[in-house]
Structures are given as C-alpha cells and as structure tokens.
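Examining the three-dimensional arrangement
Listed below are the residues making up each chain.
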Amino acid sequence: MRLCFAICIAVASTAHADVIFEEPTQLTCGRSEVIVAGTVDGTTAPGPFTNGQPPTVKVIAATCWKGCQPGDRLEVAQWVDPKPSHSGKPRPGDPKAEQAMWEQAAVEPPATRTRVMLFLRRDGQQLVRVQDSGGYGGYVMLLGADDKQIQRSAGMCEVGLTIAGERERTASLGKPVMVHIDVTNISGKAAVFHADAMTLKLQTDTRPGEDLAPTWTPPASLTLHAGAKHAFDWDLTQLFPDAFKKPGNYWLTLDAPAAMGLHWIAIAVQ
C-alpha cells in the first residue's frame, strides 16, 4: 500500500510514502483534471517495465470526484517511480549516471484488482499522475486503499474542516468542556461528508496508556449543498462520561474526512 500523506504515515505503519508532505492539498485537487477511485485492470502491454519504458496502467473508475464517470475505463501513462533525488536513496553525484540508473530500474505496476485513488492531469493526449504540491517529486495517490482512506482523501477535494478555538486550552473541573467544529462544502457543487469515517479518542495522564472512546455515534453521511456548512458542538464531559473526573491533562484526537491527518486539542483541567 502506498500512501502519500505525511501525517497519515504515522497512523498506517505499513505505508510507504513517495513524498514527505501532507497530501492531498487543495492545490493538488485544484490542478487535478481527474480525481477518481477505482480498480486496476492490468496494463496496456506486457512487461517487464522500467522507468525508461514504463507501463500504462488501466483503471476502471468506481467513484469519481472530477473529470470522469463511474464505469469509465482510464489509462494512466508514464507509471514511473520517483527519481532518486526525491526518494532519499544514495546518489552517485553524477546526474547523467543517476538518470541512467533510474531509467534502467525495474518498475512494478500495481496488481490487477488493486483499489486505487488517483489524482490525474492531462499531458497532451495522455493522463498522468499529479506530483505533490511541495515539489518533492512523488505522486499523490493511494494504492490498496480502504473505504475510510478513500473518503478521507476525497474529503480534501470537497469539504473543509476547522476546529474553533485554540489547540491548547484550560478548563475547570465540573464544568462543560465545549468543542465546536465546522464542516464546509468547498467543492462548488453538492458534496457528501462521510461522517461515519470520523474517529474520536481521548487520552489523559489521569489514566495513562488508555484510549477512551466516545459514547457518540456519528451520522452515516451528510449531504451539503455548495457552500453549505454543518456544525458539530460537543461537550466532551458528555461525550466521554468516564473522563474529566479529576484535574489533569487531556488530549482529544480527531481523524476525519477533510481533516487530512490528525487534529488534536490539549485540555488542562484545573
């Protein structure tokens, strides 16, 4: 599985990253002409392949956020690996030698039936993968993605999520601990926020080593019209009834579509 997200790398320990950057960004989504989740259907020619003679990978679209329709059969050309200058591998110091080594290196396209989410642009008549926003030379994509990963990634294309207030807060014992979150449709058309993909947990130094789960069950999904906003207002003392019983430090972690990684709030209860 290949994940091109800096923050998500820490969450998915099996992930391999081409880029060290938080992706996708709204810049990446904006310059992608096709944003699609689908299934790999092989290559247009038999291998073996190298970076000098890369495969064109066939993808059957399942869900489309931009530039295609479900059921479309896409061909993604120039499926190469990042160059050594972007991979962190040792470099020979000779640019020509480095280029030659890269061109000769074998390329393994994703296996047939692999689930992917791709961010694509047009290069002439070809569709090719979009490179990361930070200029590191990797490709913004998910390989072997599950539903939550796809929803989380798609969220950045359609929905913005903000947590009101400071990341570090103080609260009084026995008083409500309020958190306000806004989810906004930024896509310009109707969008779905997959609320059931949200994950909340609480940690505290009063109960070290435990991850406390909330009693709240999120709605399955929320349909938002263009520009529409949905607010979540939580009293953490109600959401986590076994917590906030004594003074100490508490840490709320939110992982959600549109969040692109972990959002956190530190609360010192006095």
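Structure first, text after, so check above.
Here the structure is a predicted model, which is why all the values come from computation and not from measurement. (Residues numbered from 1 in each chain as written. Predicted model: local features only at pLDDT ≥ 70, side-chain atom pairs only at ≥ 80, totals over all residues. Heavy atoms only, no water.)

Considerations on the packing of aromatic side chains
For clarity, the cut-off: Geometry of aromatic contacts follows a simple scheme: Phe, Tyr and Trp rings, the Trp one being its six-membered ring, pair when their centres are within 6.5 Å, and the pair is stacked under 30 degrees between planes, edge-to-face over 60, tilted otherwise. Each helix is a run of DSSP H or I of at least 4 residues and each strand a run of E of at least 2, with the numbering of both proceeding from the N terminus. Relative accessible area decides the class of each residue, using a 1.4 Å probe on protein chains only: under 20% of the type maximum gives buried, over 50% gives exposed, and in between gives partly exposed.
Under the criterion given, the structure shown has four aromatic pairs. Here the aromatic rings of Trp216 and Phe232 are separated by 5.9 Å at their centres, their planes lie at 75°, and the arrangement is edge-to-face. Of this pair, Trp216 sits in the loop between strand S14 (199-204) and strand S15 (222-224) while Phe232 sits in strand S16 (residues 229-235), and the two are 16 residues apart along the sequence. Residue Phe232 is classed as buried on the basis of its relative accessible area, which comes to 6%.

Some details on helix H5 (residues 147-158)
Formally: A helix is expected to reach a length of 1.5 Å times the quantity of its residues less one.
For H5, built from twelve residues, the straight-helix expectation of 16 Å at 1.5 Å per residue is met to within 8% by its first-to-last C-alpha distance of 16 Å. Buried residues dominate H5, accounting for ten of its twelve residues. Along H5, the residues that are buried comprise Gln149, Ile150, Gln151, Arg152, Ser153, Ala154, Gly155, Met156, Cys157 and Glu158.

Things to note about unusual backbone geometry
Of note, the bond from Gly47 into Pro48 is cis; its omega dihedral lies within 30 degrees of zero at 5°. You can see Pro48 is positioned in the loop between strand S2 (34-43) and strand S3 (49-50). If you check the backbone angles, Arg113 has positive phi at about 80° while not being a glycine. By the secondary structure assignment, Arg113 is in the loop between strand S6 (106-107) and strand S7 (115-123). Look at Arg113 and you get exposed, because its relative accessible area is 67%. With phi around 60°, Phe244 is a residue other than glycine that occupies positive phi space.

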